[in-house]
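# A closer look at the structure
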Amino acid sequence: MINHVLQKFNISGFQQELLEWYYQYKRDLPWRENQDPYRVWVSEIMLQQTKVDTVIPYFHNFLEKFPTVHDLAEADEQDVLKAWEGLGYYSRARNLQHAVREVVAEYDGKIPDNPKQLGALKGVGPYTKGAILSIAFNQPEPAVDGNVMRVFSRVLMIDDDIAQAKTKKLFESVTGNIISKEDPSSFNQAIMDLGATICTPKSPTCMLCPVNEYCRAYAEGVEEQLPIKSKAKKQKSIPYVTLLIKNADDQIIIEKRPEQGLLANLWQFPMIPLTDISKDHVENWFRAEYGLTVKLTKELDHIKHTFSHLIWHMDVMEAETQETDVHDQRLKVIDKADVEQYPFPVSHQKIKKYI
DNA sequence: AAGGCGGGGAC
DNA sequence: GTCCCAGCCTT
């Protein structure tokens, strides 16, 4: 299969044109200041399914708060989540800290430079493993992400469905054969820069591409048809009533989410799913579930929030309680001024303005 | 292999 | 609205 795909492909010529382009035009990014494996690691985790422009401010802030593996290992998980607030996919942050603690405990704080140990760390999958090994340790390991699959699907005119696991393995094999042995770090980063700036998903600017002479899709005029990717199925909708509960002491009540699953360990304003009960029974349901008597006073907002796999419809209500403390483990009474200390998902940040 | 897991920007 | 982004984990 690989032999067939790479037949008559000028690997060394491709490498040379790509690397020359990269040395001249590579993007000036904060995690490219040096090859510190910790910085590379943090950046690669943040960049999973996330755009460069989104990551940059988070990267600066995170490195300022947690400059070394030791700082991150010793940090409170809530502080790590606060630094991740708004970035999404929060298990990345929790897995990263878990893995860093493992590095401190098992490897004396030194990030392992061999594939087996590195790939065994929590949150370090095939892509991130290859990225760290190549970028930080100059090893010729493939790091196949969406960019790589898009670029090589066009260059080599591969029409397999990139949403399938076996297709990713094909691209890992292809990249392992094409990657520069002289400068694997620059090669992998060059493919990513190419995918981000030239070989874009829509309307790629092939006229400016340093390797357009090597691109089979461009030669055939089918670059816009590649890569092939099957559709994701659409989200399910869930209705909620969300309560902004205030008491007489200028305090509000917030809730910590479960330690597993969606938005794990983040905080929110208490939510009642309307899948089982109707809106009329919210006060009773809340008393039964949380042991707290509240009175709904007015409607504040209606928020629609879309996740990758579901949609929340939140009917935001203001509520009053006579209580000054709570008994349910999930709930917490806080001063209004302290709300900024807790990590909230974006969906609930939209409610803060009503406090 | 399929589904859970965020949020934002480009079109 | 759709797509998809420097993906990984669990089942």
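Below is a short write-up of the structure. All values derive from a computational prediction rather than experimental measurement.

The next point concerns the protein's contact with DNA strand B. In the region of DNA strand B, 19 residues are neighbours, and Tyr90, Leu262, Leu263, His305 and His309 sit closest. One of the backbone N or O atoms of Val346 is found 3.0 Å from a phosphate oxygen in DNA strand B. Looking at side-chain class alone, the surface near DNA strand B contains 9 nonpolar, 8 polar and 2 charged residues.

Another aspect to go through is the state of the cysteines. Each disulfide consists of one covalent bond between the sulfur atoms belonging to two cysteines. Overall, the coordinates contain 0 disulfides when judged by the stated rule. The structure places no disulfide on Cys209, whose sulfur is separated from the nearest cysteine sulfur, that of Cys199, by 6.4 Å. The buried category is assigned to Cys209, whose relative accessible area is 13%. Cysteine Cys215 is unpaired, with the sulfur of Cys206 as its nearest cysteine sulfur at 6.2 Å.

Bringing the pairing of strand β2 (residues 251-256) into the picture now. Counting buried residues in β2 gives 5 out of 6 residues, a clear majority hidden from the surface. In terms of strand pairing, strand β1 (residues 236-246) meets β2 through 2 bridges, oriented antiparallel. By the bridge assignment for β2, Lys246 is matched with Ile252. With antiparallel pairing between neighbouring strands as the criterion, β1 and β2 make up a hairpin whose turn holds 4 residues, including Asp250 at a positive phi of roughly 60°. The pairing of β2 with strand β7 (residues 331-335) spans 5 bridges and is classified as antiparallel. Within β7, the residue paired with Ile253 across the bridge is Val333. Bridging between β2 and strand β3 (residues 267-268) involves 2 bridges; their strand directions are antiparallel. Its bridge partner lying in β3, Lys256 is registered against Trp267.

Attention now moves to the packing of aromatic side chains. Using the criterion set out here, one finds 15 aromatic pairs in the structure. Seen from their ring centres, Phe9 and Phe14 are 5.5 Å apart, and the 55° between their planes marks the pair as tilted. The exposure class of Phe9 is buried, given its relative accessible area of 10%. An aromatic cluster is present here, built from Phe9, Phe14, Phe152, Phe187 and Tyr214 joined pairwise through their rings.

Cut-offs used in this document
- Residues numbered from 1 in each chain as written.
- Chains lettered and ligands numbered in written order.
- Predicted model: local features only at pLDDT ≥ 70, side-chain atom pairs only at ≥ 80, totals over all residues.
- Heavy atoms only, no water.
- Near = heavy atom within 4 Å.
- Polar contact = N/O pair within 3.5 Å; in protein donor to acceptor, adjacent residues only side chain to side chain.
- Nonpolar A, V, L, I, M, F, W, Y, C, P; charged D, E, K, R; others polar.
- Disulfide = S-S within 2.5 Å.
- Buried < 20%, exposed > 50% of the residue type's maximum accessible area, 1.4 Å probe, protein only.
- Helix = DSSP H or I, 4+ residues; strand = E, 2+ residues; numbered from the N terminus.
- Pairing = 2+ DSSP bridges.
- Phe/Tyr/Trp six-rings, centres within 6.5 Å; stacked < 30°, edge-to-face > 60°.

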